[in-house]
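Each chain, letter by letter, is given below.
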Number of protein chains: 2
Amino acid sequence: MKNIPYRINLSEEYIPKQWYNVRADMKEKPEPLLNPETMKPITKPEELGGIFCLELARQELDDTTAFIDIPEEIREYYRTCRPAPLIRAYNLERVLGTPAKIYYKFEGNNTSGSHKLNSAVAQAYYAKKQGITRLTTETGAGQWGTALSMACAYFGIDLTVFMVKGSFTQKPFRRNIIETFGAKVVPSPSDLTEVGRKILAEMPETSGSLGCAISEAVETAVNTENCRYVLGSVLNQVMLHQSIIGIEAKTAMELYDEYPDIIIGCAGGGSNLGGLISPFMRDKLKGEKSPYFIAVEPASCPSLSRGSYAYDFCDTGHVTPLAKMYTLGSKFIPSANHAGGLRYHGMSPTVSKLYHDGFLDEARSYKQTEVFEAAEIFAKAEGILPAPESSHAIKAAIDEALKCKEAGEDKTILFGLTGTGYFDMKAYDSFNKGTMEDNIPDDSELKIYESKLPRI
Amino acid sequence: MKNIPYRINLSEEYIPKQWYNVRADMKEKPEPLLNPETMKPITKPEELGGIFCLELARQELDDTTAFIDIPEEIREYYRTCRPAPLIRAYNLERVLGTPAKIYYKFEGNNTSGSHKLNSAVAQAYYAKKQGITRLTTETGAGQWGTALSMACAYFGIDLTVFMVKGSFTQKPFRRNIIETFGAKVVPSPSDLTEVGRKILAEMPETSGSLGCAISEAVETAVNTENCRYVLGSVLNQVMLHQSIIGIEAKTAMELYDEYPDIIIGCAGGGSNLGGLISPFMRDKLKGEKSPYFIAVEPASCPSLSRGSYAYDFCDTGHVTPLAKMYTLGSKFIPSANHAGGLRYHGMSPTVSKLYHDGFLDEARSYKQTEVFEAAEIFAKAEGILPAPESSHAIKAAIDEALKCKEAGEDKTILFGLTGTGYFDMKAYDSFNKGTMEDNIPDDSELKIYESKLPRI
């Protein structure tokens, strides 16, 4: 048994040279995107070329190429913060008194504070290469907006970020940091777009939603010269870029003769979960290994655990293509007192398909108060203040480790610590003061949204 | 020439086994501390034992032992976040177009967000070992308070933090994070101490100062059972613990056959600067090398560059020992619009002595607007949002790199990037909006404080 350090910091030669596209190894592929005007499958990258950069549109539709080269310019940027450390949670294990071995892949050691930078850099690079000079996007909790503003500052691209109004108001510092990197931040819904004006007319008091901000960003991109839209989660291209998380984690574990029995990721749009599990899922799809995969959601936005597997729009304003995915309905908006991200109504079509077909073993949801309780146990033991999103995975990892303690099993658990919580102190404060509330949608509410899903 | 990576991440075997005590190699030692009641030199650790833990008091007075073993329990904690990376600023070099090679030792990749954790862990450990159950301290910008709260959570020690009232009000999230790690935060001056009540009576509207918060923390420690006081900068013991910064940086550079021509650190109380330069200063004291050392201060609190080298109290309330140091006077309080830390009236006695004797080559000060300008250039190039404190060193490094460009010299520059600016977004926002002001004390103001220095 090799002596395993606290932090496995691979040297930069270990930065992967290729992303891994899990769809290539799926016998049953995810269903195709549908054109929102014709309701017919989108099969050619050019059909998405008005919204996305062409190379990214190609990646979006490619379900046959297993390994895709990472351009050297992107690897160059990755060198500034990657490989991200894989950490053995010795202190957490000790505090829990568990025989389980807990590892986490920590993606928060960069200024964006999360894994989002992995795809932001890739998307900004392809835009630059295509001669695009402006990008638009949306951001909820603010991690994606920050990541993209950093990537755009690096490549010299103008950026407009539609920020969910609730976050814009509650997280002024997130806005400030995005502005510091030179991007423009607009609270969404705004009166800058047709879809924003329409939503404001219908719901003048709304605190906004990711789905709504996506609609505004897409509309702006389509109507602005030399401009494209980029998205930080849900899409196949994003899951592809995020596969670097899992590839690095797997390599680091292999160097110490380790392989996870249980792999846990928090799931909002599915980019982190999808990226983390991808290379391990390959082993499972090939029948070589059978790790147990757990997706963890907030109880206030449980798309995988309580949604329908159906075609739905990716945005509230219905300007995007439709995807077959687990969805709560494109008009669903999680309770305003839900802290942090993981507030998207749908789920990555690829993650959805893997769950539907039983390769992704389990989806579970937790209330946010129990998630913050786990976050504080973790912070005190490990010395890292986790993001609320990541803390969903922490809660599941702690629960699994305690099960191991009860059963006397020394399973190996790997989870994704996607980011840090430095911009979420308001939520921590309300938890510490005992004023944080849990809001779980009831079945009748979900039924109403379900009844409004497009009939396809 | 070896191929130098962006980030030199040493493995945990490289965590130093000993701290380096630069005073042991100084022919002329810093002047002794004076007992505030007798005004006589303090020579025995026991004389400080009512305020400090005994082992820390020993370290404070020891100016003969060059290398002091780091206890295994402290190295165990260091493993969770050390060795800290040494980063080659390739991107900043490119943006500046300089032939200089720029390196920075990055101490911000931990939740405390700065180098302060290095000494916090050591001090909490020695307290625990002595059976102390409570600690008090002060914090200004909040980095030290956060670091100590993390260390106390790890070792299970109660902590009360007196937080400079201005920061307490302006940085609620810093307070929240300290509370999340289980410590109690009190705005200073408070009515919990005699000295606090006195200061409040004299200046009811004061936003507080570090010197005042120190007085309150010391008074509380002395009057509380089984309680000691700990300090995050200025002291010899802190500089000793922080020598780990310089030792790691030197080791990492040596592995790539590098040695700095210029070494730059920001200076408030001197802990980071002193720690970074210590092992390089050893080479200079021994006549083996002659790197050029630059201390960088804010123009609003220029103790080294404009203060007097004199005996002064370490706190506003005059309850602490006196130290011979560069000081602006113990009642000096920097302008309320000064952002970030580096707001202490004095300077580490050891750093002061090295500067006075010419081993520390230069002290310079910058206005905060030019510091934030440098911070943003750095952030956009390097992808790390720096703390305002660290940005003073960045500004000097950029200036030196531009001098190299003009002269066509490829000097090697090393600076300390002490931390991240995630809790300083208000200051960044005011800089971005153009509302940030520079406040530089005029000579007549400094003369008044100088005239009040103790006559010794």
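Reading guide: rules and limits
- Residues numbered from 1 in each chain as written.
- Chains lettered and ligands numbered in written order.
- Predicted model: local features only at pLDDT ≥ 70, side-chain atom pairs only at ≥ 80, totals over all residues.
- Heavy atoms only, no water.
- Contact = heavy atoms within 4.5 Å.
- Buried area = accessible area lost by both parts, 1.4 Å probe.
- Salt bridge = Lys/Arg side-chain N within 4 Å of Asp/Glu carboxyl O.
- Polar contact = N/O pair within 3.5 Å; in protein donor to acceptor, adjacent residues only side chain to side chain.
- Helix = DSSP H or I, 4+ residues; strand = E, 2+ residues; numbered from the N terminus.
- Nonpolar A, V, L, I, M, F, W, Y, C, P; charged D, E, K, R; others polar.
- Axes fitted to C-alpha atoms, helices over the stretch in contact; angles between N-to-C directions.
- Parallel < 35°, antiparallel > 145°, perpendicular 65-115°, else oblique.
- Left-handed = near helix turned anticlockwise from the far one by under 90°.
- Core = buried A, V, L, I, M, F, W, Y, C linked by side-chain atoms within 4.5 Å.
- Buried < 20%, exposed > 50% of the residue type's maximum accessible area, 1.4 Å probe, protein only.
- Phe/Tyr/Trp six-rings, centres within 6.5 Å; stacked < 30°, edge-to-face > 60°.
- Lys NZ or Arg CZ within 6 Å of the ring centre and 35° of its normal.
- Least-squares fit on C-alpha atoms with pLDDT ≥ 70 in both.

Asker: Would you mind going over the interface of chain A and chain B with me for this structure?
Answerer: Many authors give the size of an interface as the accessible area that is lost as the parts come together. Between chain A and chain B, the contact holds 42 residues from the first and 42 residues from the second. Together, the buried faces of chain A and chain B total about 3,800 Å²; carbon and sulfur atoms form 55% of this surface. When residues of chain A are sorted by the area they lose upon contact with chain B, Y6, T180 and Y422 of chain A head the list and together hold 18% of the total. Connecting chain A to chain B are zero salt bridges. Remark: the boundary between chain A and chain B carries 18 residue pairs in polar contact (both at pLDDT 80 or more). Residue assignment for the side of chain A that touches chain B shows that the elements contributing at least two residues are α2 (72–78), α3 (90–96), α5 (143–155), α7 (172–180), α14 (368–382) and α16 (425–433) of chain A. A per-class count over the side of chain A that touches chain B returns 20 nonpolar, eleven polar and eleven charged.

Asker: How should I be thinking about the packing of helix α5 (residues 143–155) of chain B against helix α7 (residues 172–180) of chain B in this particular structure?
Answerer: Think of two packed helices as two axes; the pair is described by the angle between the axes and how far apart they sit. Residue and element names in this part refer to chain B. Orientation of α5 relative to α7, taken along the N-to-C sense of each, is 15°, at an axis distance of 8 Å. Taken as axis vectors, α5 and α7 run roughly parallel relative to one another. Between α5 and α7 the crossing geometry is left-handed. Two secondary-structure elements touch here, α5 through Q143, G145, T146 and S149 and α7 through R174, I177 and I178. Of the residues contributing to the contact of α5 with α7, the split by class is two nonpolar, four polar and one charged.

Asker: Help me understand the nonpolar core, please; the structure alone is not making it clear to me.
Answerer: Generally speaking, nonpolar side chains in soluble globular proteins are found buried as a group. Within the largest apolar cluster, 107 residues are counted, with the highest numbers of intra-cluster contacts made by W19 and I74 of chain A together with W19 and I74 of chain B. Look past the residues within four positions of I74 of chain B in its chain and what remains in contact with it is W19, V121, A122, Y125 and Y126 of chain B.

Asker: Looking at this model, I keep getting lost on the environment of L231 of chain B. Mind explaining?
Answerer: All names here are of chain B. The residue L231 is located in the loop between β9 (227–229) and α10 (236–255) in this model. The spatial distance from the C-alpha of L231 to the C-alpha of V218 is 9.5 Å, given a sequence separation of 13 residues. Those residues in contact with L231 that lie beyond four places of it in its chain are Q123, T137, E138, W144, I214 and V238.

Asker: How should the packing of aromatic side chains be read in this particular structure?
Answerer: By the definition in use, this model includes 36 aromatic pairs over all chains. What links up through ring pairs into an aromatic cluster is the set Y77, Y125, Y126, Y154 and F155 of chain A. Residue placement shows R175 of chain A over the ring face of F168 of chain A; its charged tip is 4.2 Å from the ring centre. Taking the ring centre of Y259 of chain B as reference, the NZ or CZ of K289 of chain B above it sits at 4.4 Å.

Asker: Mind showing me how you'd approach the relation of the copies chain A and chain B here?
Answerer: Each of the two chain copies can be brought onto the other by rotation about an axis and movement along it. Once chain A has been moved 0.0 Å along the axis and rotated by 180°, it coincides with chain B to within an RMSD of 0.0 Å. Accordingly, the operation relating the two chain copies is best matched by a two-fold axis. By C-alpha distance to the rotation axis, the residue of chain A lying nearest is N109 of chain A, at 3.1 Å. An overlap of 100% is found between the interface residues of chain A and their copies at the interface of chain B, pointing to a shared contact surface.

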